[in-house]
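Fold and geometry: a report
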Amino acid sequence: MSNETNNHQVRRKPMTKRQKEAIRKKKRQRRILLLVIEVLVLLVLAGILFLVSKLGKIERQEVPLENIEVNEGISEESKEIMKNYTTIALFGLDNRSNGNLSKGRSDVIMIANINNDTKEVKLCSVFRDSYLDTGDGSFKKCNAAYAKGGPEAAINMLNKNLDLSITDYVTVDFNAVVECVDLLGGITLDEVTDEEAVLMQGYMDEINKLTKNNSKYLSGGGTNVTLDGVQACAYARIRYTKGDDYKRAERQRTVLAAMVAKAQKSDLVTINKLIDAVFGDIQTSFSNTDLVALAAQVFNYKLGESSGFPFSKNSTTLGSKGSVVVPCTLESNVIELHQFLFGDEEYTPSDTVLANSKKIINDTGLNEGSGYR
(Lines give C-alpha, C1' and ligand atoms only; values in the text may rest on other atoms or scores of the structure.)
Protein backbone atom coordinates (compact mmCIF):
# COMPACT_ATOMS: atom_id res chain seq x y z
CA MET A 1 0.00 0.00 0.00
CA SER A 2 1.36 3.47 -0.93
CA ASN A 3 2.29 6.24 1.51
CA GLU A 4 -0.47 8.37 0.00
CA THR A 5 -2.98 5.70 0.98
CA ASN A 6 -1.60 5.49 4.55
CA ASN A 7 -1.76 9.27 5.00
CA HIS A 8 -5.28 9.27 3.77
CA GLN A 9 -6.26 6.56 6.29
CA VAL A 10 -4.85 8.38 9.37
CA ARG A 11 -6.08 11.83 8.38
CA ARG A 12 -8.71 12.94 10.91
CA LYS A 13 -11.95 14.51 10.07
CA PRO A 14 -11.92 18.24 10.87
CA MET A 15 -13.79 19.16 14.11
CA THR A 16 -16.95 21.05 13.85
CA LYS A 17 -17.42 24.46 15.48
CA ARG A 18 -19.64 22.88 18.12
CA GLN A 19 -17.01 20.29 19.05
CA LYS A 20 -14.32 22.98 19.36
CA GLU A 21 -16.58 25.03 21.60
CA ALA A 22 -17.31 21.96 23.76
CA ILE A 23 -13.58 21.35 24.28
CA ARG A 24 -13.00 25.01 25.18
CA LYS A 25 -15.93 24.83 27.63
CA LYS A 26 -14.45 21.75 29.33
CA LYS A 27 -11.08 23.49 29.67
CA ARG A 28 -12.77 26.55 31.21
CA GLN A 29 -14.67 24.31 33.64
CA ARG A 30 -11.45 22.58 34.67
CA ARG A 31 -9.75 25.94 35.24
CA ILE A 32 -12.72 27.17 37.31
CA LEU A 33 -12.73 23.94 39.35
CA LEU A 34 -9.01 24.27 40.03
CA LEU A 35 -9.49 27.89 41.03
CA VAL A 36 -12.31 26.97 43.42
CA ILE A 37 -10.18 24.21 44.97
CA GLU A 38 -7.27 26.64 45.38
CA VAL A 39 -9.52 29.22 47.03
CA LEU A 40 -10.96 26.58 49.39
CA VAL A 41 -7.47 25.38 50.32
CA LEU A 42 -6.40 28.96 51.01
CA LEU A 43 -9.48 29.55 53.15
CA VAL A 44 -8.84 26.37 55.13
CA LEU A 45 -5.19 27.33 55.63
CA ALA A 46 -6.20 30.85 56.65
CA GLY A 47 -8.71 29.40 59.13
CA ILE A 48 -6.08 27.08 60.59
CA LEU A 49 -3.56 29.92 60.90
CA PHE A 50 -6.21 32.11 62.52
CA LEU A 51 -7.13 29.39 65.01
CA VAL A 52 -3.50 28.57 65.80
CA SER A 53 -2.76 32.26 66.37
CA LYS A 54 -5.65 32.45 68.83
CA LEU A 55 -4.81 29.20 70.62
CA GLY A 56 -1.18 30.31 70.81
CA LYS A 57 -2.21 32.93 73.38
CA ILE A 58 -3.16 30.22 75.90
CA GLU A 59 -0.50 29.22 78.41
CA ARG A 60 0.17 25.47 78.31
CA GLN A 61 1.27 23.36 81.25
CA GLU A 62 1.03 19.67 80.56
CA VAL A 63 0.27 17.29 83.39
CA PRO A 64 2.07 14.02 82.56
CA LEU A 65 -0.31 11.08 82.75
CA GLU A 66 2.21 9.13 84.82
CA ASN A 67 1.91 11.84 87.50
CA ILE A 68 -1.88 11.58 87.71
CA GLU A 69 -3.08 9.64 90.74
CA VAL A 70 -6.24 7.57 90.45
CA ASN A 71 -7.42 5.44 93.34
CA GLU A 72 -7.24 1.69 93.10
CA GLY A 73 -10.35 -0.24 93.97
CA ILE A 74 -12.86 1.67 91.86
CA SER A 75 -15.11 -0.97 90.30
CA GLU A 76 -14.82 -1.75 86.59
CA GLU A 77 -18.50 -0.87 86.19
CA SER A 78 -17.94 2.61 87.60
CA LYS A 79 -14.85 3.09 85.44
CA GLU A 80 -16.85 2.23 82.33
CA ILE A 81 -19.58 4.71 83.29
CA MET A 82 -17.01 7.49 83.83
CA LYS A 83 -15.54 6.85 80.36
CA ASN A 84 -18.80 8.15 78.86
CA TYR A 85 -18.06 11.59 80.31
CA THR A 86 -15.39 14.24 79.84
CA THR A 87 -14.54 15.47 83.33
CA ILE A 88 -12.50 18.66 83.63
CA ALA A 89 -11.11 20.46 86.67
CA LEU A 90 -11.71 24.22 86.62
CA PHE A 91 -9.62 26.49 88.84
CA GLY A 92 -10.04 30.20 89.38
CA LEU A 93 -7.16 32.25 90.79
CA ASP A 94 -6.93 35.87 91.83
CA ASN A 95 -3.41 36.38 90.50
CA ARG A 96 -3.87 39.21 88.01
CA SER A 97 -1.34 41.32 89.96
CA ASN A 98 1.52 38.85 89.39
CA GLY A 99 0.28 37.13 86.23
CA ASN A 100 1.20 33.68 87.56
CA LEU A 101 -1.35 30.93 86.89
CA SER A 102 0.85 28.11 88.22
CA LYS A 103 0.74 29.12 91.88
CA GLY A 104 -1.62 30.54 94.45
CA ARG A 105 -4.61 29.28 96.37
CA SER A 106 -7.50 28.44 94.08
CA ASP A 107 -10.41 30.62 95.15
CA VAL A 108 -12.62 28.76 92.69
CA ILE A 109 -12.61 24.97 92.35
CA MET A 110 -15.19 23.41 90.05
CA ILE A 111 -15.75 20.11 88.30
CA ALA A 112 -17.25 20.37 84.82
CA ASN A 113 -18.72 17.07 83.69
CA ILE A 114 -19.74 16.69 80.04
CA ASN A 115 -22.00 13.84 78.96
CA ASN A 116 -20.37 12.81 75.67
CA ASP A 117 -23.68 11.55 74.25
CA THR A 118 -26.17 14.24 75.27
CA LYS A 119 -23.64 17.15 75.56
CA GLU A 120 -25.21 18.11 78.90
CA VAL A 121 -22.74 19.85 81.22
CA LYS A 122 -23.07 19.58 84.99
CA LEU A 123 -21.10 21.88 87.27
CA CYS A 124 -20.11 21.06 90.82
CA SER A 125 -18.25 23.53 93.03
CA VAL A 126 -15.86 22.09 95.58
CA PHE A 127 -15.89 24.47 98.53
CA ARG A 128 -12.38 25.85 98.83
CA ASP A 129 -12.26 25.42 102.62
CA SER A 130 -13.21 21.72 102.46
CA TYR A 131 -11.08 19.64 104.83
CA LEU A 132 -9.46 17.07 102.55
CA ASP A 133 -6.16 15.30 101.84
CA THR A 134 -4.12 17.87 99.90
CA GLY A 135 -1.33 15.39 99.22
CA ASP A 136 0.96 13.05 101.17
CA GLY A 137 -1.66 12.60 103.85
CA SER A 138 -1.67 16.29 104.75
CA PHE A 139 -5.27 17.27 105.62
CA LYS A 140 -6.17 20.95 105.41
CA LYS A 141 -8.26 23.34 103.31
CA CYS A 142 -8.37 21.81 99.84
CA ASN A 143 -7.43 25.04 98.03
CA ALA A 144 -3.96 24.64 99.55
CA ALA A 145 -3.26 21.86 97.04
CA TYR A 146 -2.92 24.30 94.12
CA ALA A 147 -0.65 26.58 96.17
CA LYS A 148 1.46 23.58 97.14
CA GLY A 149 1.91 21.90 93.78
CA GLY A 150 -0.01 23.77 91.10
CA PRO A 151 -2.66 22.16 88.89
CA GLU A 152 -1.10 18.70 89.10
CA ALA A 153 -1.44 18.59 92.90
CA ALA A 154 -4.95 20.07 92.71
CA ILE A 155 -6.10 17.43 90.19
CA ASN A 156 -4.68 14.65 92.32
CA MET A 157 -6.41 16.14 95.37
CA LEU A 158 -9.76 15.85 93.57
CA ASN A 159 -9.04 12.35 92.27
CA LYS A 160 -7.88 10.93 95.60
CA ASN A 161 -10.65 12.40 97.73
CA LEU A 162 -13.52 11.98 95.26
CA ASP A 163 -12.65 8.76 93.38
CA LEU A 164 -12.35 10.61 90.07
CA SER A 165 -9.98 10.12 87.13
CA ILE A 166 -9.48 13.70 85.95
CA THR A 167 -6.48 14.26 83.69
CA ASP A 168 -7.10 17.77 82.32
CA TYR A 169 -7.72 21.19 83.76
CA VAL A 170 -8.35 24.81 82.87
CA THR A 171 -7.14 27.61 85.13
CA VAL A 172 -8.30 31.19 84.66
CA ASP A 173 -7.65 34.38 86.52
CA PHE A 174 -11.13 35.03 87.88
CA ASN A 175 -10.76 38.76 87.22
CA ALA A 176 -10.95 37.89 83.49
CA VAL A 177 -14.68 37.73 84.22
CA VAL A 178 -14.63 41.53 84.08
CA GLU A 179 -13.46 41.66 80.46
CA CYS A 180 -15.70 38.83 79.30
CA VAL A 181 -18.90 40.18 80.82
CA ASP A 182 -18.26 43.66 79.43
CA LEU A 183 -17.63 42.26 75.93
CA LEU A 184 -20.88 40.31 76.19
CA GLY A 185 -22.73 43.52 76.95
CA GLY A 186 -23.39 42.48 80.55
CA ILE A 187 -25.25 39.54 82.05
CA THR A 188 -28.71 39.44 83.62
CA LEU A 189 -29.31 37.68 86.93
CA ASP A 190 -32.74 36.64 88.15
CA GLU A 191 -32.27 38.38 91.47
CA VAL A 192 -29.79 40.43 93.47
CA THR A 193 -30.74 41.14 97.10
CA ASP A 194 -30.32 44.52 98.81
CA GLU A 195 -27.73 42.93 101.11
CA GLU A 196 -25.73 41.65 98.14
CA ALA A 197 -25.91 45.05 96.42
CA VAL A 198 -24.32 46.67 99.50
CA LEU A 199 -21.67 43.98 99.99
CA MET A 200 -20.65 44.24 96.33
CA GLN A 201 -19.39 47.79 96.90
CA GLY A 202 -16.17 46.91 98.73
CA TYR A 203 -15.24 44.33 96.13
CA MET A 204 -16.09 46.77 93.34
CA ASP A 205 -13.72 49.39 94.79
CA GLU A 206 -10.90 46.83 94.76
CA ILE A 207 -11.69 45.52 91.25
CA ASN A 208 -12.14 49.03 89.80
CA LYS A 209 -8.70 49.99 91.11
CA LEU A 210 -7.08 46.82 89.81
CA THR A 211 -8.68 46.89 86.35
CA LYS A 212 -8.81 50.71 85.98
CA ASN A 213 -12.57 50.63 85.49
CA ASN A 214 -15.14 53.04 86.88
CA SER A 215 -18.13 50.80 87.45
CA LYS A 216 -20.95 52.30 89.53
CA TYR A 217 -22.62 50.82 92.59
CA LEU A 218 -26.06 49.29 92.23
CA SER A 219 -28.78 51.51 93.69
CA GLY A 220 -30.21 48.44 95.36
CA GLY A 221 -31.32 44.88 94.77
CA GLY A 222 -34.03 43.72 92.41
CA THR A 223 -35.07 41.11 89.86
CA ASN A 224 -33.71 40.69 86.33
CA VAL A 225 -30.68 42.82 87.23
CA THR A 226 -28.11 43.47 84.50
CA LEU A 227 -24.51 43.56 85.75
CA ASP A 228 -21.39 44.85 84.02
CA GLY A 229 -18.04 43.09 84.36
CA VAL A 230 -16.89 44.66 87.63
CA GLN A 231 -20.32 44.19 89.19
CA ALA A 232 -20.51 40.54 88.10
CA CYS A 233 -17.04 39.77 89.46
CA ALA A 234 -17.87 41.52 92.74
CA TYR A 235 -21.15 39.61 93.02
CA ALA A 236 -19.30 36.30 92.53
CA ARG A 237 -16.85 37.13 95.32
CA ILE A 238 -19.40 37.90 98.07
CA ARG A 239 -19.10 35.47 100.97
CA TYR A 240 -20.38 37.34 104.03
CA THR A 241 -24.08 36.54 103.78
CA LYS A 242 -26.20 33.66 104.99
CA GLY A 243 -24.59 30.57 103.50
CA ASP A 244 -21.06 32.05 103.63
CA ASP A 245 -18.70 30.30 101.22
CA TYR A 246 -21.41 27.85 100.12
CA LYS A 247 -23.50 30.72 98.82
CA ARG A 248 -20.44 32.30 97.21
CA ALA A 249 -19.77 29.11 95.26
CA GLU A 250 -23.39 29.17 94.12
CA ARG A 251 -22.98 32.78 92.96
CA GLN A 252 -19.89 31.79 90.99
CA ARG A 253 -21.83 29.06 89.19
CA THR A 254 -24.69 31.50 88.54
CA VAL A 255 -22.34 34.04 86.92
CA LEU A 256 -20.59 31.34 84.86
CA ALA A 257 -23.89 29.92 83.63
CA ALA A 258 -25.14 33.40 82.67
CA MET A 259 -21.91 34.06 80.74
CA VAL A 260 -22.13 30.77 78.85
CA ALA A 261 -25.78 31.36 77.95
CA LYS A 262 -25.01 34.88 76.69
CA ALA A 263 -21.93 33.74 74.74
CA GLN A 264 -23.90 31.00 72.96
CA LYS A 265 -26.20 33.69 71.58
CA SER A 266 -23.39 36.03 70.52
CA ASP A 267 -22.14 36.68 66.99
CA LEU A 268 -18.72 35.68 65.67
CA VAL A 269 -17.31 39.19 66.07
CA THR A 270 -18.11 39.15 69.79
CA ILE A 271 -16.76 35.61 70.17
CA ASN A 272 -13.51 36.71 68.52
CA LYS A 273 -13.20 39.63 70.95
CA LEU A 274 -13.86 37.28 73.86
CA ILE A 275 -11.11 34.95 72.67
CA ASP A 276 -8.65 37.84 72.37
CA ALA A 277 -9.55 39.09 75.84
CA VAL A 278 -9.56 35.89 77.84
CA PHE A 279 -7.12 33.49 76.17
CA GLY A 280 -4.13 35.31 77.64
CA ASP A 281 -5.54 34.72 81.12
CA ILE A 282 -5.90 30.94 80.70
CA GLN A 283 -3.60 28.05 81.49
CA THR A 284 -4.56 24.51 80.50
CA SER A 285 -3.25 21.02 79.92
CA PHE A 286 -5.34 20.64 76.75
CA SER A 287 -3.54 20.50 73.40
CA ASN A 288 -4.71 22.56 70.42
CA THR A 289 -6.29 19.40 68.99
CA ASP A 290 -8.23 18.83 72.21
CA LEU A 291 -9.41 22.44 72.32
CA VAL A 292 -10.54 22.38 68.69
CA ALA A 293 -12.53 19.19 69.36
CA LEU A 294 -14.20 20.78 72.39
CA ALA A 295 -14.84 24.06 70.55
CA ALA A 296 -16.49 22.23 67.66
CA GLN A 297 -19.28 21.20 70.05
CA VAL A 298 -19.58 24.48 71.96
CA PHE A 299 -23.01 25.39 70.57
CA ASN A 300 -24.30 21.87 71.26
CA TYR A 301 -23.47 22.00 74.96
CA LYS A 302 -26.33 22.70 77.33
CA LEU A 303 -25.95 23.48 80.99
CA GLY A 304 -27.67 21.03 83.30
CA GLU A 305 -27.85 20.95 87.08
CA SER A 306 -25.22 22.50 89.31
CA SER A 307 -24.40 21.85 92.93
CA GLY A 308 -21.74 22.18 95.60
CA PHE A 309 -19.56 19.63 97.35
CA PRO A 310 -19.79 18.51 100.09
CA PHE A 311 -23.57 18.21 99.97
CA SER A 312 -23.91 17.37 103.68
CA LYS A 313 -21.46 19.45 105.68
CA ASN A 314 -20.59 21.36 108.83
CA SER A 315 -17.76 23.63 109.87
CA THR A 316 -15.26 23.69 112.69
CA THR A 317 -12.01 25.40 113.64
CA LEU A 318 -8.86 23.26 113.75
CA GLY A 319 -6.12 25.33 115.38
CA SER A 320 -3.67 26.81 112.88
CA LYS A 321 -5.63 25.23 110.02
CA GLY A 322 -8.41 27.71 110.70
CA SER A 323 -12.12 27.32 110.00
CA VAL A 324 -12.75 24.40 107.67
CA VAL A 325 -15.74 22.86 105.88
CA VAL A 326 -16.20 19.26 106.95
CA PRO A 327 -17.91 16.67 104.72
CA CYS A 328 -20.30 14.67 106.91
CA THR A 329 -19.13 12.15 105.92
CA LEU A 330 -16.69 12.07 103.01
CA GLU A 331 -17.86 8.53 102.22
CA SER A 332 -21.56 9.40 101.90
CA ASN A 333 -20.83 12.67 100.08
CA VAL A 334 -18.67 10.94 97.45
CA ILE A 335 -21.41 8.37 96.87
CA GLU A 336 -23.85 11.25 96.25
CA LEU A 337 -21.33 13.00 93.99
CA HIS A 338 -21.06 9.97 91.69
CA GLN A 339 -24.83 9.75 91.54
CA PHE A 340 -25.05 13.46 90.67
CA LEU A 341 -22.27 13.57 88.06
CA PHE A 342 -22.55 10.13 86.46
CA GLY A 343 -25.93 8.73 87.49
CA ASP A 344 -24.00 5.82 89.00
CA GLU A 345 -26.35 4.27 91.54
CA GLU A 346 -24.10 1.23 92.11
CA TYR A 347 -20.88 3.13 92.92
CA THR A 348 -19.03 2.07 96.07
CA PRO A 349 -16.13 4.13 97.51
CA SER A 350 -12.55 2.94 97.20
CA ASP A 351 -10.42 2.06 100.22
CA THR A 352 -8.65 5.43 99.88
CA VAL A 353 -11.92 7.38 100.19
CA LEU A 354 -12.99 5.20 103.14
CA ALA A 355 -9.66 5.80 104.91
CA ASN A 356 -9.83 9.56 104.27
CA SER A 357 -13.41 9.61 105.56
CA LYS A 358 -12.36 7.96 108.83
CA LYS A 359 -9.42 10.36 109.18
CA ILE A 360 -11.72 13.39 108.79
CA ILE A 361 -14.13 12.04 111.41
CA ASN A 362 -11.24 11.45 113.84
CA ASP A 363 -9.75 14.92 113.27
CA THR A 364 -13.00 16.87 113.51
CA GLY A 365 -15.33 14.76 115.63
CA LEU A 366 -18.06 15.37 113.04
CA ASN A 367 -19.88 12.38 111.58
CA GLU A 368 -22.87 11.77 109.33
CA GLY A 369 -25.34 12.97 111.94
CA SER A 370 -23.50 16.29 112.24
CA GLY A 371 -24.16 17.48 108.72
CA TYR A 372 -26.65 19.89 107.23
CA ARG A 373 -27.45 20.98 103.67
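Let me sum up the structure you'll find in this document. Everything quoted here is computed from the prediction, not taken from an experiment.

Conventions adopted
The residue numbers shown here count from 1 along each chain, following its written sequence. Where totals are concerned, whole chains, interfaces and linings use all residues; where local detail is concerned, this predicted model gives features only for residues with pLDDT of at least 70, and gives and counts side-chain atom pairs only at 80 or more. Each side-chain value is worked out from all heavy atoms of the structure, with water and hydrogens disregarded. A run of DSSP states H or I qualifies as a helix once it reaches four residues; a run of E qualifies as a strand once it reaches two. Both are numbered from the N-terminal end. Exposure classes here rest on a 1.4 Å probe applied to the protein chains alone. A residue is buried below 20% of its type maximum, exposed above 50%, and partly exposed in between. Contact between two residues is taken to exist if any of their heavy atoms lie within 4.5 Å; hydrogens are not considered. We get accessible surface area from the Shrake-Rupley algorithm with a probe of 1.4 Å; when it comes to residues, only the shown protein chains can shield them. Each Phe, Tyr or Trp ring (for Trp, its six-membered ring) is paired with any other whose centre lies within 6.5 Å, and the angle between the two planes then decides the class: stacked below 30 degrees, edge-to-face above 60, tilted in between. Each nonpolar core is a collection of buried residues, namely Ala, Val, Leu, Ile, Met, Phe, Trp, Tyr and Cys, held together in the definition by side-chain atoms within 4.5 Å. One requirement defines pairing of two strands: DSSP has to find at least two bridges between them. To get an axis, a line is fitted to the C-alpha atoms, and for a helix only the part in contact is used. The angle between two axes follows their N-to-C directions and goes from 0 to 180 degrees. The charge count includes Lys and Arg as positive and Asp and Glu as negative, but it does not include His or the ends of the chains. By convention in these notes, a salt bridge is any Lys or Arg side-chain nitrogen within 4 Å of a carboxyl oxygen on Asp or Glu.

Quick notes on the overall build of the protein chain
Of the regular secondary structure elements, the protein chain holds 12 helices and 13 strands. Evaluated residue by residue, the protein chain yields a buried proportion of 43% over its 373 residues. Taking the contacts inside the protein chain whose residues are at least 6 apart along the sequence as the reference set, 73% of them involve residues at least 24 apart. Carbon together with sulfur atoms contributes 53% to the accessible area of the protein chain, which is approximately 19,900 Å² in total.

Concerning the packing of aromatic side chains
Taken as a whole and assessed by the stated rule, the structure comprises eight aromatic pairs. Considering the side-chain rings of Phe91 and Tyr169, the 6.5 Å spacing of their centres and the 45° angle between planes classify their relative orientation as tilted. A residue pair is termed long-range when its members are at least 10 positions apart, and Phe91 in strand S2 (residues 85-93) and Tyr169 in strand S7 (residues 168-173) qualify at 78 residues. Pairing Phe309 with Phe311 gives two aromatic rings, centres 6.0 Å apart and planes at 85°, and the pair type is edge-to-face. In textbook terms, an aromatic cluster arises when at least three aromatic residues are bridged by ring pairs, as seen for Phe91, Tyr146 and Tyr169.

Topic: the nonpolar core
In this structure, Phe91, Val126, Ile155, Leu158, Leu162 and Phe309 are the most contacted members of the largest nonpolar core, which totals 43 residues. Elements represented by at least two residues in this core include exactly S2, strand S3 (108-115), strand S4 (120-126), strand S5 (131-133), helix H4 (144-162), strand S13 (323-327), helix H11 (330-342) and helix H12 (351-364). Per-element accounting of this core gives the leading share, seven residues, to H4. Discounting chain neighbours no more than four positions away, the residues touching Leu158 are Ala89, Phe91, Ile109, Val126, Asp163, Leu164 and Ile166. In this structure, Ala197, Ile238, Met259 and Leu274 belong to the second largest nonpolar core, which totals 41 residues.

Looking at the sheet that holds S2
Across the sheet, seven strands lie side by side as S1-S10-S7-S2-S3-S4-S11; this open sheet has mixed pairing. At either end of the open sheet lies a strand with only one pairing partner, and these are strand S1 (59-60) and strand S11 (302-309). Here two bridges tie S1 to strand S10 (residues 282-284), and the two strands are oriented parallel to one another. Its bridge partner lying in S10, Arg60 is registered against Thr284. The sheet strands contacting H11 are S2, S3, S4 and S11, and the helix crosses S11 at an angle near 175°.

Structural notes on the side chain of Asp163
Position of Asp163 among the secondary structure elements: in the loop between H4 and S7. The buried charged residue Asp163 lacks any salt bridge partner; its closest oppositely charged side chain belongs to Lys79, at an N-O distance of 10.0 Å. Not counting residues within four places of it along the chain, the set of residues in contact with Asp163 comprises Asn71, Ile74, Met82, Leu158, Val334, His338, Tyr347, Thr348, Pro349, Ser350 and Val353.

Some words on the pattern of salt bridges
In the structure shown here, the tally under the stated rule is 13 salt bridges. For Lys79, the salt bridge goes to Glu76, with nearest N and O atoms at 3.5 Å. Here Lys79 and its partner Glu76 are both found in helix H3 (residues 76-82), three residues apart, which amounts to about one turn of the helix. Relative accessible area serves as the criterion here: at 33%, Lys79 is assigned to the partly exposed category. Classification of Glu76 as exposed rests on a relative accessible area of 52%. Two residues, Lys83 and Glu80, come together in a salt bridge whose shortest N-O distance is 3.2 Å. When its relative accessible area of 59% is taken as the criterion, Lys83 is described as exposed.

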